[in-house]
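# Close look at the chain arrangement
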Amino acid sequence: MWGRRESNPHWRRFKRPASADWATPPGTRFFCGPVIISRGDMGGRPAYRYAAFVRTSRLPNRSFIHRPSGRTSRSAVGFALLVAGVIALSAWQAQLSRDSAGAHWGVALVVLGAVVSAIILGRRRQSRTTAAWIAGNIRAVRSWRSQPVGAVISTLVWTVVIAGVVGWDLVSFIYQSPALPTLSYFIGHVTRYRVGRGLFFALWLVVGVFLVSGWRTETPR
Amino acid sequence: MTTFAIVPGTVVWLVLAGVALVWLAVLGLGAGALLGPRRLLPWLLGSWLSRGLVIAAWGAAGWHVFCQRP
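Summary of the structure given here. Since this is a predicted model, take the numbers as computed values, not measurements.

### A look at a nonpolar patch on the surface
Residue and element names in this part refer to chain A.
- Taken together, Trp-105, Leu-109, Leu-112, Val-116 and Ile-120 make up a surface patch of nonpolar side chains, about 570 Å² in accessible area.
- In this structure, Val-116 sits in helix α2 (residues 101-122).
- For Val-116, a relative accessible area of 42% translates into the label partly exposed.

### Quick word on the interface of chain B and chain A
- The interface is formed by 43 residues belonging to chain B together with 64 residues belonging to chain A.
- At the boundary of chain B with chain A, total buried surface from both sides reaches about 4600 Å², with 73% on carbon and sulfur atoms.
- Looking only at chain B, the three residues that lose the most surface to chain A are Trp-13, Trp-58 and Phe-66 of chain B, adding up to 20% of its buried area.
- Viewed at the interface, chain A and chain B are joined by zero salt bridges.
- Across the contact surface, chain B and chain A share 20 residue pairs in polar contact (both at pLDDT 80 or more).

### Description of the environment of Ser-184 of chain A
- In this fold, Ser-184 of chain A is placed in helix α5 (residues 183-191).
- A residue is classified by how much of its surface remains accessible, and Ser-184 of chain A, at 6% relative accessible area, is buried.
- Within the local environment of Ser-184 of chain A, its side chain forms a polar contact with the side chain of His-64 of chain B, the two groups lying 2.8 Å apart.

### Some words on the pattern of salt bridges
- Enumeration over the complete set of coordinates arrives at one salt bridge over all chains.
- Across the pair Asp-99 of chain A and Arg-98 of chain A runs a salt bridge whose closest N-O atoms are separated by 4.0 Å.

### With respect to the side chain of Arg-51 of chain B
- Relative to the helices and strands, Arg-51 of chain B is located in helix α3 (residues 48-68).
- The buried category is assigned to Arg-51 of chain B, whose relative accessible area is 1%.
- Leaving out residues up to four positions away in the same chain, Arg-51 of chain B has contacts with Gln-126, Phe-210, Leu-211, Val-212, Ser-213, Gly-214, Trp-215 and Arg-216 of chain A together with Leu-44 and Leu-45 of chain B.

What counts, and at which threshold
- Residues numbered from 1 in each chain as written.
- Chains lettered and ligands numbered in written order.
- Predicted model: local features only at pLDDT ≥ 70, side-chain atom pairs only at ≥ 80, totals over all residues.
- Heavy atoms only, no water.
- Patch = residues over 30% accessible without salt bridge, like charges linked within 9 Å, V, L, I, M, F, W, Y side chains within 5 Å.
- Areas by Shrake-Rupley, 256 points an atom, 1.4 Å probe, with all protein chains shown as cover.
- Salt bridge = Lys/Arg side-chain N within 4 Å of Asp/Glu carboxyl O.
- Helix = DSSP H or I, 4+ residues; strand = E, 2+ residues; numbered from the N terminus.
- Buried < 20%, exposed > 50% of the residue type's maximum accessible area, 1.4 Å probe, protein only.
- Contact = heavy atoms within 4.5 Å.
- Buried area = accessible area lost by both parts, 1.4 Å probe.
- Polar contact = N/O pair within 3.5 Å; in protein donor to acceptor, adjacent residues only side chain to side chain.

Have a look at this one:
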């Protein structure tokens, strides 16, 4: 009936939007080649169905968004090597006493390696600049009345817990009194045994790995 | 077997441990409005300054525990 445009009364009433505002929400970027779509508020990890975020999609039905952090065989090998290294180092440290040169050199080299790794891994991958981080915190503290109650309570409790542990440990360390044992005094009762020293060293290494590599931006800035 | 004498400092540590455990239990019960470790850690590692301070504290703690303490 309305096979021809000229005879169709609805022609141009439902106009297709211009390409700029067609299925392209703010903050979404498209690249050629492997599909990379970045949006700051996506969060989460590997592959997302495009349609989960954008209803009107130009991509084929079975398309996926592949974020660059997908677990590859190379990263699996790296992870296995990391685990093997943690186990080997911990087993070696378990045999050492706190006074031995090996223990001193081992810990010193691990700390040095952590600092160097943090610098290399973190180059252009730190989520915020220091100035922006400080400014954001100051802004949040100043506007605490407008913050959600849960966030204010959480901040207060975390501050009390962390400041309490660090402060009391510092006080106990300064006084060096048998009536005021430090946290490391209790830990020392575990690390004096080989198994305890090895397990604590492994825990310390794992924490270090997270501190060095965790929570980086996935694409360099 | 390792035993600890209950001295004033130990009592303070027990109170701190209790507070921390209760707080973690409250967070674990699913109080969604509260900020748990999953939001605390990204904040703490969110800048070079804070990450550097945390790594420095980690290194100092390791040296103290594994090279100075029994």
